[in-house]
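# Examining the three-dimensional arrangement
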Amino acid sequence: MTVAKLALRNFLGAGAKAWLRVFVLSLAFVVIIGLQGLYTGIGQQMADASSAIEIGGGQYWHPKYDPQNMMELVDAHGPIPSELKSVIESGRATPILIVQGYMYSGGSFRPVLLKGIDPTQRVLSLPADVLVDSPGTSPALIGTRMAKDAGLKEDDLATVRWRDAVGTFDAEEIRIARVMSTSVQTVDSGQVWLPLDRLQRMARMNGEATLVVVANGTAITGSASAGAGWTFKDLDFLLADVHAMIQTKELSATIVYAILLFLGMITILDTQILSIFYRKKEIGTLMALGLTRGAVIRMFTLEGAFNAVLAAVIGAAYAIPLLGLLVTMGIPMPSGTEQMGFSLGDRVYPRYSAALVFGTTALVFVVTTIVSYLPTRKIAKLQPTEALRGRLG
Amino acid sequence: MNGSTALLKTKDLVKTYSIGGTRLIALNKVNLTFERGEFAGLIGPSGSGKTTLLNILGTLDRPTEGSAEVLGHRVETLSHKEAAELRSRHIGFIFQTHNLLPVYTVYENVEFPLLVLGTPAAERHKKVMDALQWVRLADRASSRPAQLSGGQSQRVAIARAIVKRPEIVLADEPTANLDAENSRHVLDTMAELSRDLHTTFIFATHDEKVIRYLRRKIVLSDGVVIEDRVVHSSPVKEAVV
């Protein structure tokens, strides 16, 4: 306790230089927590958006369905297993049929995935209600990216072409009922959403689907499979790409904060080394006054460690309001972020968990203490008489 | 000096240093005894061994041969921790350059030895203020060392040395950086403390101003004691009488 009091006195007595060091370290604290929280928020936002609009609480896949293998997609459809029909009827799941096709618009054909969805479903937050079918031209729902690529807007007409279940090519005109704005690229680019019944008829796949999306929060019990080889894919599986992308971003953030932490530690290490060099007479005096070498080492180490403690306090003073504001207001995202691999909408909302804040604080504290301790080992070899003469042994 | 109240004793004390392969004898067969309340000085030119002897008596250094005993403890057998404990409780130091801790106030500098001892706060405050009263610096308690004159700094160093009421105060050239006026103030202060608290003061000095105050003069030359005599009239003696 005495040593801690003395160390604090020394630290506070060092004046502006000490506070400058503390401020630099507090910046490292805040940037580390800020960046990590940002990427946590991005990951969560992407996962939430994907869950809400595309994957729900998980999906049952037809045995031939593999989004990575489009060659198999032509066969990836089949009758909905009876086990899933009751869930669908209760509104806790919705089937989706996926058919490969082409869309002609603006003078060119482009490959698209035609996706049939029930206009009355409430499982996904996709605005499928605009797809309420009517005789004549089929309504279609596309995303803003798709609309931009194809040069389409609402009420425009386009022609889609596909091969039905028996391999016959067919074509039909569709009307763009809605251009939706979504942060989830995989329900937008190259996707054309049609009424499920209509697509089933067009493709001669009546009563069939490629996958069944389960509502978020619906408990899947028993074996995670349905009849006819349909298997359940949980959120961990379906969000693997999102998690992998966030891990890549976190790696770059880790490099940034490792550099920041390194710079902060260099200043502390430098200060400690200089302190021991310039304060050796003081060390000798402390020993003469009855402090043991161990106590002097503890005192110098604590002096260094106070940098981290005070940096955490000062960092908290300005970071809590600042980061709190970012959590509430979000961070505006410039257009074009999709090219960086992100698709987040207009704003991202960072998330700061207690584990992140306390984990980072503990990490910085431990590293600071170690860096503060290393130079003090020289004191262990110091003779009081040599120190009093201002010499290092 | 064979009294039953011996605080410090050396027997055939030898201290040598090895410098560049050459063996340098700093102290050679020194036999001395110091009793409670002495106001003694180790006198001699630079390199005569007085600071080395003071360091050994203060448990900051160890003999190469022979023995040194401080309050019944053999210095050569003390661990670093035991030596630090002995210094913290029983020995006060006054240095030539006063060695005040620059970031502490006068009060905090004087308080330091009591913090090391773990003295309770209320008792600590009283002792610090008493010590500052003795050296007539109570009004400068909140000043920093940089704001004090040389004489005032040395008086703070004296207060720091005596605040814990040690049996022994070791002073290495305490007036070397002071003018005549300040030297007199500092020496008067120490003489009063020796008289009032029965503290043993041992000086290492070649300053005539100090030598005039001593009640016992031990002259060292090339590490050997060449004279050890008690002076029957000195300001301290007169004050005691």
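Residues numbered from 1 in each chain as written. Chains lettered and ligands numbered in written order. Predicted model: local features only at pLDDT ≥ 70, side-chain atom pairs only at ≥ 80, totals over all residues.

## Comments concerning the overall build of chain A
- In terms of helices and strands, chain A carries 11 helices and 13 strands.
- Considering only intrachain contacts with a sequence separation of at least 6, the fraction spanning at least 24 residues in chain A is 79%. (Helix = DSSP H or I, 4+ residues; strand = E, 2+ residues; numbered from the N terminus. Contact = placed C-beta atoms within 7 Å.)

## Structural notes on the sheet that holds strand S7 (residues 168-172) of chain B
Residues and elements named next belong to chain B.
- Taking strand neighbours across the sheet as the criterion, the six strands line up as S6-S7-S8-S3-S9-S10 in an open arrangement whose pairing is mixed. Since the sheet does not close on itself, it has two edges, and those belong to strand S6 (91-94) and strand S10 (224-230), each with one partner. Adjacent strand axes in the sheet meet at a mean angle of 15°, parallel and antiparallel pairs treated alike.
- Inspection of the sheet shows S7 paired to strand S8 (residues 200-205) by five bridges, in the parallel sense. Residue pairing in the sheet places leucine 170 in a bridge with isoleucine 202 of S8. (Pairing = 2+ DSSP bridges. Axes fitted to C-alpha atoms, helices over the stretch in contact; angles between N-to-C directions.)

## Remarks on helix H1 (residues 2-13) of chain A
- In a regular helix each residue adds 1.5 Å, so 12 residues correspond to 16 Å; H1 of chain A covers 16 Å between its end C-alpha atoms and thus fits that length.
- Taken together, the buried positions of H1 of chain A are Val3, Leu6, Arg9, Asn10 and Phe11 of chain A.
- Residues of H1 of chain A that are buried make contact with helix H2 (16-55) and helix H9 (293-329) of chain A together with helix H3 (106-117) of chain B.
- Directly beyond the C-terminal end of H1 of chain A, a positive phi value near 75° is found at glycine 15 of chain A. (Expected span 1.5 Å × (residues − 1). Buried ≥ 20, exposed ≤ 12 C-beta atoms within 10 Å, placed from the backbone.)

## Comments concerning the pairing of strand S9 (residues 216-221) of chain B
Residue and element names in this part refer to chain B.
- Pairing geometry for strand S3 (residues 39-43) and S9, over four bridges, is parallel. Among the inter-strand pairings, alanine 40 is bridged to a residue of S9, identified as arginine 216.
- Bridge analysis of S9 against S10 gives six bridges, and the strand direction is antiparallel. Note on S10: the bridge partner recorded for valine 219 is glutamate 227.

## Thoughts on unusual backbone geometry
All names here are of chain B.
- The backbone of aspartate 12 shows a phi angle near 50°, a positive value even though the residue is not glycine.
- Turning to its location among the elements, aspartate 12 is positioned in strand S1 (residues 6-19).
- Note on aspartate 12: 12 C-beta atoms within 10 Å, which makes it exposed.
- Phi is positive for threonine 59, which is not a glycine, with a value near 60°.
- Secondary-structure assignment places threonine 59 in the loop between helix H1 (50-57) and strand S4 (65-70).
- Residue classification places threonine 59 among the buried residues on the basis of 26 C-beta atoms within 10 Å.

## A few points about the packing of H3 of chain B against helix H5 (residues 150-162) of chain B
All names here are of chain B.
- Contact geometry for H3 and H5: axes closest at 7 Å, N-to-C directions at 30°. In terms of orientation, H3 lies roughly parallel with respect to H5. Two packed elements cross with a definite hand, and for H3 against H5 that hand is right-handed. In this structure, H3 uses Val106, Asn109, Val110, Phe112 and Pro113 to contact H5, whose residues at the interface are Val156, Ala159 and Arg160. (Parallel < 35°, antiparallel > 145°, perpendicular 65-115°, else oblique. Left-handed = near helix turned anticlockwise from the far one by under 90°.)

## Notes on the interface of chain B and chain A
- The partner chain A presents 19 residues to the 20 residues of chain B that form the contact.
- In terms of residue class, the side of chain B that touches chain A is made up of 10 nonpolar, six polar and four charged. (Nonpolar A, V, L, I, M, F, W, Y, C, P; charged D, E, K, R; others polar.)

## With respect to the packing of helix H7 (residues 240-278) of chain A against H9 of chain A
All names here are of chain A.
- Direction vectors running N to C along H7 and H9 enclose 150°, while the axes themselves pass 11 Å from each other. Taken together, the axis directions place H7 and H9 in an arrangement best described as roughly antiparallel. Crossing geometry of H7 relative to H9 is assigned as right-handed. Where H7 approaches H9, its residues Ile268, Gln272, Ser275 and Ile276 are matched on the opposing element by Phe300, Gly304 and Asn307.
- For the contact of H7 with H9, the class distribution of residues is three nonpolar, four polar and no charged.

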